[in-house]
Amino acid sequence: MFTACELGVFDLLHEVQEPVPAATIASRLSTSEDGMERLLDACVGLKLLKVELKSNKGYYSNTDVSTTYLVKSSPRTLYHMMMYYSQTIYMCWHFLPQAVREGKSQYEKAFGIPSKELFEAIYRSEEEMINFMHHMDSTWNLCGKDVVQAFDFSEFHTVYDLGGCSGGLAKQFVSTYNDSTVTIMDLPKVVQTAKKYFVTDQEQQIHFIEGDLFNDPIPEADLFIMARIIHDWTEEKCLELLRKIYQSCRPGGGVLLVEVLLNEDRSGPLMSQLFSLNMLVQTEGRERTPSEYTKLLTDSGFRDIQVKITGKIYDAILGRK
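So, here is what we can say about the structure in this document.

### Description of the sheet that holds strand 9 (residues 303-308)
Sheets are built from strands that pair by backbone hydrogen bonding, the pairs being arranged parallel or antiparallel. Strand order across the open sheet formed by seven strands is 6-5-4-7-8-10-9, with mixed pairing between neighbours. Of all strands in the sheet, those bounded by a partner on one side alone are strand 6 (206-210) and strand 9. Going across the sheet, the axis of each strand differs from the next one's by a mean of 20°, ignoring polarity. Each of strand 4 (158-162), strand 7 (221-227) and strand 8 (249-259) touches helix 13 (residues 235-248); the most contacted strand, strand 8, lies at about 145° to it. Running over the sheet, helix 15 (residues 290-299) touches strand 8, strand 9 and strand 10 (315-320) and is turned about 155° from strand 9.

If you want it as C-alpha cells, here you go:
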C-alpha cells in the first residue's frame, strides 16, 4: 500500500477512469512491467484494487476504498498519512528490538537526528512540514467529529487548541459550536505554514498565535484542547505542562485531552498497544490508561474528570477547574 501510494498507482487509475493493463501503468509511472504487475496483484489481494481479465490480460482499477482514502485529491484522503507512516514511522520500527532493550527512542538511529530534535527535524523544510501537517489533518477526517461531540462544549466560548498544527480539529470544533472561537497556539513555523496553506479567510472563528508551550506564556481561556500532545512526553513534563495550563484556565473552565486510550489492564485495544510501541521508538512518551490520565489531571489541580470512549482511534478526557 505504501509503495503503490508513493508511485502514484491510485492517482493514475483515478485519472484515467477506466481499467488499465499493468504495461500501461508501468509505462506511465516509469517502472518495470514485471514489478508493477506483482505490486498490482498484491493490491488486488489487499482489496485496494480490482482486476478483470480481457484476452488473458489483467486490467486494473481502484476500489471504492482506495478512491476515497488513497487518491491524493480525494476530500477524505489519507495519502499523506500513508507517506508519513511509510517514510518515518516504518523506518523507526526497524529498530524496535533496540527500543525494547534500551527503553528509549530510536529516532537518532533511524535518521541520525536526536529524538529531542524530532519536531525540528519534521519541520526542517516547508515541503516536509506541509506533508506532516496534511498527515495530522487526515486523522480528523476520520474521527474529529466524534471527538468534538464527546461532551457538550457549548458553554466554552474562548478555546485554545495547544499544538493544534494546521487547524483540522479546530475546524471540526467551530463547525459544531458556532458561538465559539478557537485560537491555535503552535511553533512559529507551524503557524506561518498553517495560515498560508490550510486555513481560509472564511474561517473567521479560527485564529493563531505563535509560541512554545513549555517556554512561553499561555493566555487565559475557557477550554484548552490538547490533542495528541500529552502522549509525547514523560510524566514529569506532562505535569509541568498541565499545571501551567491549570493556571491559565478560567474558573469553571476545562482541559480536553484527546489521546489513544489503553484498557485499564493493558489487554488492548491492539491499536492502542501498537501506538504505545510507536511512542517508544519515536519519542519519550507513551500511551496511557484512563486512570493514568485521570491521575495526571488531578495531580495538576483539575477535578470532575470524565472519560469518553468514542469508538474511533482517539478518545476524549475532560477535566474541570
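### Description of the pairing of strand 10
Most of strand 10 is tucked away: five of the six residues are buried. Two strands pair when backbone bridges link them, and strand 8 and strand 10 are joined in this way by six bridges, in the antiparallel orientation. Counterpart to Leu 256 in the pairing with strand 10 is Leu 318. Pairing of strand 9 with strand 10 involves four bridges; the strand directions are antiparallel. Residue Lys 308 lies in a different strand from strand 10, and its bridge partner there is Ala 316.

### What to know about the packing of aromatic side chains
Scanning the model with the defined rule gives 13 aromatic pairs in all. Centre to centre, the rings of Phe 2 and Tyr 90 are 6.3 Å apart; their planes meet at 70°, and the pair counts as edge-to-face. Remark: Tyr 90 occurs in helix 6 (residues 79-93) and Phe 2 occurs in helix 1 (residues 2-7); sequence separation between them is 88 residues. A cation sits over an aromatic face here: Lys 54 above Tyr 59, 4.8 Å from the ring centre. When the ring centre of Tyr 246 is taken as origin, the NZ or CZ atom of Lys 321, which lies over that ring, is 4.7 Å away.

The rules behind the values
- Residues numbered from 1 in each chain as written.
- Predicted model: local features only at pLDDT ≥ 70, side-chain atom pairs only at ≥ 80, totals over all residues.
- Heavy atoms only, no water.
- Pairing = 2+ DSSP bridges.
- Helix = DSSP H or I, 4+ residues; strand = E, 2+ residues; numbered from the N terminus.
- Axes fitted to C-alpha atoms, helices over the stretch in contact; angles between N-to-C directions.
- Contact = heavy atoms within 4.5 Å.
- Buried < 20%, exposed > 50% of the residue type's maximum accessible area, 1.4 Å probe, protein only.
- Phe/Tyr/Trp six-rings, centres within 6.5 Å; stacked < 30°, edge-to-face > 60°.
- Lys NZ or Arg CZ within 6 Å of the ring centre and 35° of its normal.

Interpretation note: all reported values are geometric properties and have no functional meaning in isolation.
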